[in-house]
Structures are given as structure tokens and as C-alpha cells.
Amino acid sequence: MKLPGQEEFEVSSACENVPTGELDSGPGSGPSPDGPSDTDRGELGVPKDPLLFIQLNELLGWPQALEWRETGRWVLFEEKLEVGAGRWSVPHVPTLALPSLQKLRSLLAEGLVLLDCPAQSFLELVEQVTRVESLSPELRGQLQALLLQRPQHLIQPIGTRPCQGSAHPREASHNEEAPLKEQHQNPLRRKLPPGAEAGVVLAGELGFLAQPLGAFVRLRDPVVLGPLTEVPLPSRFFCLLLGPSTLGKGYHEMGRAMAVLLSDPQFQWSVRRASNLRHLLAALDAFLEEVTVLPPGRWDPTARIAPPKCLPSQHKRLLSQLREVQGRSARHGALAEDRYGHWPQAPSPELQRTGRLFGGLVQDVRRKASWYPSDFLDALHPQCFSAVLYIYLATVTNAITFGGLLGEATNGAQGVLESFLGTAVAGAAFCLMAGQPLTILSSTGPVLVFERLLFSFSRDYSLDYLPFRLWVGIWVATFCLALVATEASVLVRYFTRFTEEGFCALISLIFIYDAVGKMLSLTSAYPIQSPGYPAYGCFCQYPDLGGNESEWTRTEPKDRDDISSMDLGLVNASLLPPPECARRGGQPRGPSCHTVPDIAFFSLLLFLTSFLLATALKHVKASRFFPSVVRRVLGDFSSVLAMLLGCGLDSFLGLATPKLTVPSEFKPTLPGRGWLVSPFGANPWWLSVAAALPALLLSVLIFMDQQITAVILNRAEYKLQKGAGFHLDLFCVALLMLLTSVLGLPWYVSATVISLAHMDSLRRESRACALGEPRSFLGIREQRLTGLVVFILTGTSIFLAPVLKFIPMPVLYGIFLYMGVAAISSIQFTKRIQLLLMPAKHQPDLLLLRHVPLSRVHLFTAIQLACLGLLWIIKSTPAAIIFPLMLLGLVGVRKALERVFSPQELLWLDELMPEKERSIPEKGLEPEYSLSGDSEDSELMYQPRAPEINISVN
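Residues numbered from 1 in each chain as written. Predicted model: local features only at pLDDT ≥ 70, side-chain atom pairs only at ≥ 80, totals over all residues. Heavy atoms only, no water.

1. Focus on the overall build of the chain
Stage number 1. A tally of regular secondary structure across the chain gives 36 helices and 15 strands.
Stage number 2. For the chain, the residues scored as buried account for 54% of the 954 residues in total.
Stage number 3. Within the chain, residue pairs in contact and separated by at least 24 positions form 77% of the contacts whose partners lie at least 6 positions apart.
Stage number 4. Carbon and sulfur atoms make up 61% of the accessible area of the chain, which amounts to about 41,000 Å² in all. (Helix = DSSP H or I, 4+ residues; strand = E, 2+ residues; numbered from the N terminus. Buried < 20%, exposed > 50% of the residue type's maximum accessible area, 1.4 Å probe, protein only. Contact = heavy atoms within 4.5 Å. Areas by Shrake-Rupley, 256 points an atom, 1.4 Å probe, with all protein chains shown as cover.)

Pasting the structure below:
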């Protein structure tokens, strides 16, 4: 038997698959509340249907006072009316008894079925439904009067008490079919997307009926049926289930069964295309074939099953229809194709070789030029304002921290001012010219390591550092341009999740290590005082000295102990008169004097407070506390709020914690040098040629750092519509390397953590979603303006010293730690490390554990840990000069793993390399790796794959 609509399915399934990105063409587009099923239909060429809101009105009060009352509603999940509490229940997965479905089928088979009914009002619909030969004219009149009674709805407008509709049920005349005021005020209306339709089920017991009466109607044109539904939506389906009194809740359960059927996407798809009763019953039988039965006595029927966090895909049910049309062989091929990511398919256009010099660059420019106007127009959204604030603070934090670390590593040759200026210039230029403007350029840990090594080499061999660095930058720009010309960026296809996770984990650990290291160095310089231990001394505040509003100085310690100091931007104590506290034995006097141990203690307190507060606020959005608007604001501005509260606490208590040091004059940090670096200085001429050797290593590092970040940002899971620009991005980085080397500014590449945070702050989610279903991810708001504004603000921050200098450095270190922890905790690598410490019975039900033996998972994790440890050791030793080559070695290690793990294991633990992907379609799906369509595990291959590396700020 063919299901309804199979003829249409045969034609549409022959069409070419539609990419997911093309389905989400606008801010309001994307998956409807049907969620994955809509996407699956789009990929199979099946047309989408409007969302259906189903309502169950039950006839109560027989035989005294009959009234219709809404007792349930569905979109994807069920909500029951809790009469005693006067509210709707939480959305839950509906459960049905098999007898109710069987009775419903029998009633529909013997009842009235009207498909494409031309009724234009509720009155016309009632007249057509009651045209049954078994009803006498008197009974027909009574039934029509009963059906026209206005039902009671539980409607609760915002800020008011629940409204029970009409207190006294009455007949609805021709003039009373307009929606009520309460229907328009129903907050549920805003949760349903435009174009949504309604389905109404009327069920109940009626004593004057001698036999059951069943009717199913599909309206040709959806019509608003007045006050029949609690939301004034045009109704597409109408179902009537009435009969004499029976034992139990027979008609109530049949009404629920009909509502659940209409809420099922596959049944709804079939019924919309049904042309006769046979098609309707075939759709019901197909639903019964997919029903899962829970044995009695093994569960509580009154328990409510919570909706899943991620709805399962409908691929299997769609392919079951395709199997009946095209046979099992076609279904098997489609099954294998979907499991391996819709192969065989050509690589993305950005990663195809053209065979021409600079061919990839030219294609990137042509591709991105058509999107350039929309890159600015798409930024006109309030969400971009939130993203600018968050990323600006993250960028400033990164510029300050790396500027300080760079100043320490280069002995003052570069500092915070160069970091601010370089970040602003390079970042703004990249946002204007790059192929992927969502990327945030910044100083990174691996590049900082190389800068430190380069300075150490120059110092050991008495070389002039900045001129030597200039020639290294010139050679790096040359090598990168050569990579662009030869289209070397196509090699990023070999960067699998193994390489990405190792690189992301290394950068996250550098973030965490630097943040914790700065705090430990502070507590080491000023140990926390134990009770009874003599005071070390104090810091005192002096107003209006040296052009600054306040300066801090340190008095001589009382016990004359040799205490190590830390450069906090403090003025020389010898230049100031002895404060009052110093004349009184080093004890603090007044609110502007603080003992040295206070600095360490309160700095540590602010550090932990800012980190924990940012982490807690990040998780508020996913919690059940506060209204959704409040949760969204707290989640989006978690870092901003944590920083402001930390600054407020510091200011309220008047703490002498080290503050942000911002230069007050616009000049290079190194005294005596201009903004342009001399090509040679005191170095011999041949050094300009010898600089090519370290530049070659740095080019490998720049390529890896830039392109791994680009691969992560351009993953298919983010649903980017405007494409990537690997060649164009590397070209821009090469030009900026040349510019920053000439000006003596830090080198910049894509910052993985901040770039991911930038993308995550621009997530587009569906405004309307099914009751109980999480918001659907629609993609990223792709534009250039947020990054451009962020870097312009970063440049102007040089002149905001009166404000920025009140920010405590421990607060910035806490935000820095939060970013690193958030990054490393979001990758699969971290989850597999946790499995090493869990007994098998307590391990989560991860998909990979169902397909890969636990020992093999641990072996893969151990190899990743060994690689990460080796990278960290090499980075921390004098052999760090080969550090870039070790990053490149991750690709080789991943290639060697193909001799240790089978393709099936690598498919779940990592990803297949390009050659392996091409070989699978040629060889066919081997029985060893195939999954039977009738097995329990076959559902797992249709689970949606979320981004593996994700920084959540929501």
C-alpha cells in the first residue's frame, strides 16, 4: 500500500539535495518548531508544512450542564490542564494506550471523512459534520446547538490572573464567530511562528447518542473558527469524537490519541496529502508501526516524561517511505550516504584547487564581494550591540594581558601601548578586507612563545632585536604570500578534530596558565600575612602626582625583611615624602593606606570572584530561574557584569589592588625609538638573509594558528551562509605581518577563543518554538560591523586612561581564566579525559561508547594527552624553536593513527581524512561497519552533530 503523497515524494526525492544553509535564508527563517524533521525534509526535497497547533476540547457535565472545556494542547509535546491549580502543566512527551489508538482507527473507518472541505465558517463546518444519516432532525439540531457553544479556555495574559473564557456557555451566533479579546492577548500566540495553523479535536460522552459519532475534516482553506481555539489561528483540521457513556475515559483517551497523531510530523505530512479514507488509515497504521510499547508494571503511567534536549531526526521514518517507493537497495544507499555526511560530495568551493597562480585568492574575492553590502546591513540588530560590548572587553583584556606579557618577554621593547595600537589597526583592517570577518585577530600564546624565543636569541648574540624582528616579519609575509599563490590553504582539509582539539586545548591551557601565573606571582611577591606576624608595611595613596589622579607607593617594611617586589606601575617611594603611616611604624592610618598582605588577599578574592561570577552567569540562561528576558541578558553580559561587579566591589571597599596601567602619552614604550623600525640598526647586513630560517618556522606557526582557527569557525554546524575565505584571510594576515613588523607592533593571527566567543554572541535562534522544545539554532549573524567597532573602541581605549585605570588587574585575570576554562571544557577531548576517571557504570551514555570499545577510547585519549604534554614540554624548554613544527606534526600523528584504529572507530572518535572518505564510496559500505536499519543503534547515525568546539557566552 502506498502512503498518501508518495507520488509527490518520488518527484521531490529525485531532486538534488538542498544545502542546510540555503534553507535559512533570513533572520526569521530556519527550522520551525518541527525542528530536525523540517531540516530532514528539506534535505530530501520534501516540502515543508506550516506548524500545527492542536487543541483538545472535551465535553463535560453530562447529564446536568454540558460545557466544552479545553483540557489539552499540543505542538510537539503535550500540556494538560491542571484544573485544581488553574494552570497548564509543563510540556511533556505524551503517552498513549494502544486500545485508544485501535478504537480511534475503528471509529474513523466507520465515520465521516471530509477532505478539502469548502466550509468558510464554523457554522458551515458544523452543518456539514452533522449531515449523518443516523441522526434524526431533532438530534441533529441538538447536536448543532451543542457544538456551537463557546468553549472555556484557560488564558493567562501577561500580568493578569488566569481567564477562564466565558463564565456561562452559550450558543455562538453568526456575529459571535470573531475571536475574543482574550484570544489576542494570549502570550502563547507570540511563541507560534507566522503561518501556523490549528487543529481542533472535540471529544466527549453524550447520552442521547445511540451509537458513536466520528468525523475527520481537512479544510481546503484554513479558517479562523471564532472562539473555538484559545489562539486565533486559521484551523486546518477538525475532528469530532462523540458517543454514548462508557466505562473509563474512552473518548477522552481517543481525543488525546487523535491530537497526538496530528502533532506527529510524519502523520501530519501524510494527512495533508491524503485523498481518501484509505490514505488516512495508512498514515495511522504507519504511526502504529513506529510506536514504542512500555510494559505494564515497569513504569508509572502518571509520570510525565520530560522532553529530550535534542529531538531525534526524522530521517529514518522518511527513508522508510522512500524504501516502499524505490525498494530496499535505494534505502540502503541513502542510509550509508547520510551516515558519512552526504557523500559522495565535492569539497567546499573554498577548498578546491584552481590550478592557477593566486586562483583561490581570486575566487575568494569574487565570492565575498557579492556579500559585502549585506555584511554591514546585517549588523543593524540589537544583538550586535551586546556582542560589541562583550568582545570589546575580551579584546581589551587580551591586549592588556598579552601586552604586559610581551613587555616582560622583550624587556620593554614592546608593551601595552603597542598592543592596543596593533590590535586596533590590524583588527580593523582585517574586518574590512578578510574573507571571514567574524574572526578576531589578537596576540596568541604560540606567537608569544616565539616572540620570547626570538628576543632571547637576539639578546644572547648581542643583536638589535627590532631590526632583526623586522626582517623575520618580511620573510614571513613573503612565505605566506607564496602559500596563498600555491593555494596551500586546501591542506586544511587534513585538519581533523584530533588536530583542532590538540591546538584548542593548548591555547586554552596557555590562557589558564597565564592567568593563574600572574596571580601566583602577585601572592608570591606579597605573601598573605598570618595572624600575629608583624606587618610588612603599607601602600598609601597620593592625589594628583605625575599627571595621574592617584599613585601608590610602598613604605619600608617594619621588620626589614627582604621581600621580592612585583612591577605594578608604582612610583618610586624615594621621590615622595614619608606618609603618616610610615612615621607611625608602618601601620595603616586612614582609608587610603593598606597593608601589603591586604593586596595579595583581596587580589585573590577579586580574581576568584570574577571567574566564578562569569561562570555562574553563563549558566543562568540554561537554568529555570528568572524570566527568559532576564536569563538572556545575564547570559549575554556575563563577563561584562562580572567585571563591573568586581570593579564595584574594589571601589566600594577602597582596596589597594593593582590597577590597569594605561599609558598617558602616545609614544613607543621603548625610549628613544620612533614608530618606524630601522631595517638594520646595529646588525650586520647578512642578518637580513639569515632571518629567513626563523621566519620559516614562524610561517608554519602562523599558517597552523590561522587556518586551524579558520577551520573551526567555518564548520558546517555553524550554518554559515556567506562562505569562508581561507586564501583571502591568509593574504590579509601576510600583509598585516609586514605592516606590524615595520611599525614594531606585535604580530597578530586569528584568536581561537575570542573568535568563537564572537560567533557565539551572534547566534541566531528561533523566536518561536514548540512548547517544551529548546530554541532552534538558525546560524550566525554574519557581518563585519561588530568586529570593526570593537577594534575602533580598542584603539580609542588608549585615550580612556581616566576610566580604564580603575579596573583591577585581578578582575581581568579572572575573566581571562574564565575564557580558557570555557574553551577547554567544551571540547570532546575533555569529556573523554573525564571517562578515564569514571567507573563504567557511572559513565554517560555517549554515542561513541556504543560503537567503540572503552579501551580503544582510552587509548585514543591517551595518545592525545601524550601529544598535548609533548607540545607543552617543548614550548617550555629551550627547544621551543621547533614548536611550530610539532604543531604540524599533529597532522602526521593523526595520519599514523589510521594504522592503529579502524575507520569505524575513527569515524566516531574523530573524522575521516579526505582520502579515506573517497575510498569508502568506491569500496562500498563493508558489513563490518554497516548498521542494520532494524537495529537499535541505527537511530544513532541520524543524530544531529553539534559543534564540537564552542565557547558559550549565553
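Once you've had a look at it, read on.
2. Re the pairing of strand β6 (residues 197–205)
Stage number 1. Burial of β6 is extensive: eight of the nine residues sit out of reach of the surface.
Stage number 2. Inspection of the sheet shows strand β1 (residues 52–60) paired to β6 by eight bridges, in the parallel sense. Along β6, the bridge assignment pairs Asn57 with Leu202.
Stage number 3. In this sheet, strand β8 (residues 234–243) lies alongside β6 in parallel orientation, the contact comprising eight bridges. Within β8, the position partnered with Gly199 by the bridge is Phe237. (Pairing = 2+ DSSP bridges.)

3. Brief notes about empty space enclosed by the protein
Stage number 1. Per the stated rule, a full pass over the model turns up eight cavities of 30 Å³ or more.
Stage number 2. Breaking the lining of the second largest cavity down by element, the ones donating at least two residues are α15 (382–409) and α17 (445–460).
Stage number 3. When the residues that make up the lining of the second largest cavity are grouped by side-chain class, the tally is six nonpolar, three polar and one charged. (1 Å grid on protein atoms, 1.4 Å probe; cavity = no way out; pocket = protein on both sides within 12 Å on 5 of 7 lines; lining within 4 Å. Points joined across faces, edges and corners; volume = space filled by probe spheres on them. Nonpolar A, V, L, I, M, F, W, Y, C, P; charged D, E, K, R; others polar.)

4. Structural notes on a nonpolar patch on the surface
Stage number 1. Residues Phe680, Trp685, Trp686 and Val689 make up a contiguous nonpolar surface patch of about 480 Å² in total accessible area.
Stage number 2. Of note, Trp685 is situated in the loop between α23 (638–653) and α24 (687–690).
Stage number 3. What makes Trp685 exposed here is its relative accessible area of 61%. (Patch = residues over 30% accessible without salt bridge, like charges linked within 9 Å, V, L, I, M, F, W, Y side chains within 5 Å. Salt bridge = Lys/Arg side-chain N within 4 Å of Asp/Glu carboxyl O.)

5. Examining unusual backbone geometry
Stage number 1. A positive phi angle is found at Glu487, which is not glycine, with a value near 55°.
Stage number 2. Along the polypeptide, Glu487 turns up in the loop between α18 (465–485) and α19 (497–525).
Stage number 3. Positive phi values are uncommon outside glycine, yet Phe626 reaches one of about 70°.
Stage number 4. Among the structural elements, Phe626 can be located in the loop between α21 (596–620) and α22 (628–636).
Stage number 5. Classification of Phe626 as exposed rests on a relative accessible area of 51%.

6. So, the packing of aromatic side chains
For any pair of aromatic rings, the description consists of the separation of the ring centres together with the inter-plane angle of the planes.
Stage number 1. Enumeration over the complete set of coordinates arrives at 10 aromatic pairs.
Stage number 2. Aromatic side chains Phe216 and Phe237 sit 5.9 Å apart centroid to centroid with 35° between the ring planes, which places their arrangement in the tilted category. Residue Phe216 is located in strand β7 (residues 213–224), and its partner Phe237 is located in strand β8; the two are separated by 21 residues in the primary sequence.
Stage number 3. Judged by its relative accessible area of 0%, Phe216 falls in the buried class. (Phe/Tyr/Trp six-rings, centres within 6.5 Å; stacked < 30°, edge-to-face > 60°.)

7. Considerations on the side chain of Thr71
Stage number 1. Residue position: Thr71 is located in strand β2 (residues 67–74).
Stage number 2. Not counting chain neighbours up to four residues away, the residues in contact with Thr71 comprise Leu56, Glu58, Glu79, Lys80, Leu81, Trp88 and His252.

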